[in-house]
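Below are the chains, spelled out letter by letter.
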Amino acid sequence: MTYTYTPHGVCSRSISIEINDDETIGDVSFFGGCNGNLKGIAALVKGRTIDEVIETLEGIDCNYKGTSCPDQLAKALEQIKEEL
């Protein structure tokens, strides 16, 4: 299933997340933000479980904003996890 999340407090405008039946990440696409870095994050989380990604990315800060694109991905996954 594919979910769309609107991040807050970061440069990216939208995150599209594909979740496989076994609750692993199938694909992630960020729209807006630092293209190369976000493609790297998407490649690194592919195939990992929702819980692994949340644990790894939650709380990462970007320029003292109190959040970051990786942190927003973790927040999106927490929301998705509640819906599953």
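A brief report on the enclosed structure follows. Bear in mind the structure is a predicted one, so any value in this text is a computation, not a measurement.

1. As for the overall build of the chain
Right, so step 1: Across its full length, the chain holds three helices and three strands.
Right, so step 2: Ordering the α and β elements of the chain from the N terminus gives β-β-β-α-α-α.
Right, so step 3: In summary, the chain has a C-alpha radius of gyration of 12 Å against a globular reference of 12 Å for 84 residues, a match within 12%.
Right, so step 4: Seen through its C-alpha atoms, the chain measures out along the principal axes to roughly 35 × 20 × 20 Å.
Right, so step 5: Within the chain, buried positions represent 40% of all 84 residues.
Right, so step 6: Considering only residue pairs separated by 6 or more positions, the chain has 40% of its internal contacts joining residues 24 or more positions apart.
Right, so step 7: Of the roughly 4900 Å² of accessible surface on the chain, 48% is carried by carbon and sulfur atoms.

2. Here's the deal with the pairing of strand β2 (residues 14-19)
Right, so step 1: Across the six residues of β2, five count as buried, placing the element largely inside the fold.
Right, so step 2: Here strand β1 (residues 2-5) pairs with β2 via four bridges, running antiparallel. Considered in β2, the bridge of Tyr 3 is made with Ile 17.
Right, so step 3: With six bridges joining them, β2 and strand β3 (residues 25-31) adopt antiparallel strand pairing. Residue pairing across strands places Ile 15 opposite Phe 30, the latter belonging to β3.

3. Here we look at unusual backbone geometry
Right, so step 1: The phi dihedral of Glu 23 falls on the positive side, at around 60°, and the residue is not glycine.
Right, so step 2: In this structure, Glu 23 sits in the loop between β2 and β3.
Right, so step 3: One non-glycine residue, Tyr 64, adopts positive backbone phi at about 60°.
Right, so step 4: Take Tyr 64: it is sitting in the loop between α2 (50-57) and α3 (69-83).

Rules of the game
- Residues numbered from 1 in each chain as written.
- Predicted model: local features only at pLDDT ≥ 70, side-chain atom pairs only at ≥ 80, totals over all residues.
- Heavy atoms only, no water.
- Helix = DSSP H or I, 4+ residues; strand = E, 2+ residues; numbered from the N terminus.
- Rg over C-alpha atoms; globule rule 2.2 N^0.38 Å.
- Buried < 20%, exposed > 50% of the residue type's maximum accessible area, 1.4 Å probe, protein only.
- Contact = heavy atoms within 4.5 Å.
- Areas by Shrake-Rupley, 256 points an atom, 1.4 Å probe, with all protein chains shown as cover.
- Pairing = 2+ DSSP bridges.

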